[in-house]
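# A look at the structure
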Amino acid sequence: MDNLHTQGISLPRLGLGTFRMQGETCRAAVESALALGYRHIDTAEMYANEDSIGAAIAASGVARGELHVTTKVWHENLAPAAIRKAFDTSLKKLRLDHVDLYLVHWPSRQMNLKAIFETLMALKEEGRVRAIGVANFTTALLKTVVEEIRAPIACDQVEYHVMLDQTKLLAYLRAQAIPLVAYCPLAQGRVAADPTLVAIGRKHNATAAQVALKWLLDQDGVAAIPKASRGESQKANLDALKVNLDDADRKAIAALPKGQRCVSPGFGPAWD
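All of these numbers come straight from a predicted model, not from anything done at the bench. (Residues numbered from 1 in each chain as written. Predicted model: local features only at pLDDT ≥ 70, side-chain atom pairs only at ≥ 80, totals over all residues. Heavy atoms only, no water.)

## Comments concerning the packing of aromatic side chains
- According to the stated counting rule, one finds 3 aromatic pairs in the structure shown.
- Between Phe19 and Tyr47, the ring centres sit 5.2 Å apart and the planes meet at 45°, which makes this aromatic pair tilted. You can see Phe19 sitting in the loop between strand 3 (16-17) and helix 1 (23-36) and its partner Tyr47 sitting in the loop between strand 4 (40-42) and helix 2 (50-60), a full 28 residues away along the chain.
- The interplanar angle of 70° and the centroid separation of 4.9 Å between the aromatic rings of Phe87 and Tyr102 together place this pair among those described as edge-to-face. Remark: Tyr102 occurs in strand 6 (residues 101-104) and Phe87 occurs in helix 3 (residues 80-94); sequence separation between them is 15 residues. Tyr102 carries the same exposure label as Phe87, and that label is buried. (Phe/Tyr/Trp six-rings, centres within 6.5 Å; stacked < 30°, edge-to-face > 60°. Helix = DSSP H or I, 4+ residues; strand = E, 2+ residues; numbered from the N terminus. Buried < 20%, exposed > 50% of the residue type's maximum accessible area, 1.4 Å probe, protein only.)

## Here's the deal with the pairing of strand 8 (residues 153-159)
- Among the 7 residues in strand 8, 7 count as buried, and that is most of the element.
- Alignment of strand 7 (residues 132-135) against strand 8, held across 3 bridges, turns out to be parallel. Bridge pairing in strand 8 links Ala135 to Gln157.
- Note that the unit made of strand 7, helix 5 (residues 139-148) and strand 8 has a crossover that is right-handed.
- For strand 8 and strand 9 (residues 180-183), the ladder comprises 4 bridges, and the chain directions are parallel. Residue pairing across strands places Val158 opposite Ala182, the latter belonging to strand 9. (Pairing = 2+ DSSP bridges. Right-handed = clockwise from strand over helix to strand, strands pointing away.)

## Things to note about unusual backbone geometry
- Of note, the phi angle at Ala48 is positive, near 55°, even though the residue is not glycine.
- Structurally, Ala48 is set in the loop between strand 4 and helix 2.
- Phi angles above zero are rare outside glycine, and Arg95 is one such case at about 60°.
- By the secondary structure assignment, Arg95 is in the loop between helix 3 and strand 6.

## Here's the deal with the environment of Leu173
- Locating Leu173 in the fold gives a position in helix 6 (residues 167-175).
- Judged by relative accessible area, which is 1%, Leu173 ranks as buried.
- On a C-alpha basis, the gap between Leu173 and Ala79 in space is 26 Å, while along the polypeptide they are 94 residues apart.

## Description of the state of the cysteines
- By the definition in use, this model includes 0 disulfides.
- No disulfide involves Cys155; its sulfur sits 15 Å from that of Cys184, the nearest cysteine.
- On the basis of relative accessibility, which here comes to 1%, the residue Cys155 falls in the buried class.
- The structure places no disulfide on Cys262, whose sulfur is separated from the nearest cysteine sulfur, that of Cys184, by 4.8 Å.
- We classify Cys262 as buried; its relative accessible area is 18%. (Disulfide = S-S within 2.5 Å.)

This is the structure we're talking about:
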């Protein structure tokens, strides 16, 4: 599988998202994905499934060096001491001695960016985190972190799919050589019934979802983490890598409406 190289880590372009997967369902999904060849697992303290993922990783037999694990600190825990406590809890639940990527999950109006990233960089220097990054950060916030604080940001994880334009953010990220990791890459299932995507899929003997996913993965500096609990869906997402879109396909996708968000933007979960 193709990887993106960022801040000293190798990030598989296709990963498994685990939001709203918990307990035995989550454990089984991660075990299935690892058996199929996935090597990028995305979680967060807010998902309340790190213990299930830790159990799946332990049972998988996959060598730690072959695996990329991302987790995130919740917006309520962005004071330095709270970050460290949250990180220790995440690491214990995951049954790991380090994580590959640790992200600020959501910005907060009360956050002290300098203190946050000093703490994250300290975790990196201690060898407990291989790389640090952000999620749901706007271009303006990124500029502060990258240009003023000079934190070594390895990615920005945001909602991105065929129905949502991220041109401005992508332009800044590419200028800084920072990957975009797309969550909700299938627009929470909305892409499956889109007539344009269905028609393109028919042309390539693929599904609309596979077309939407490959459109993302064909872009420079973009990775995607579709959520998939069933083995058949996980395999279908892997098979999306085999789809070869042409210029006519990309033109048709570019003409789709681009304002359809699945997740409300803002500061934390309580948006204005």
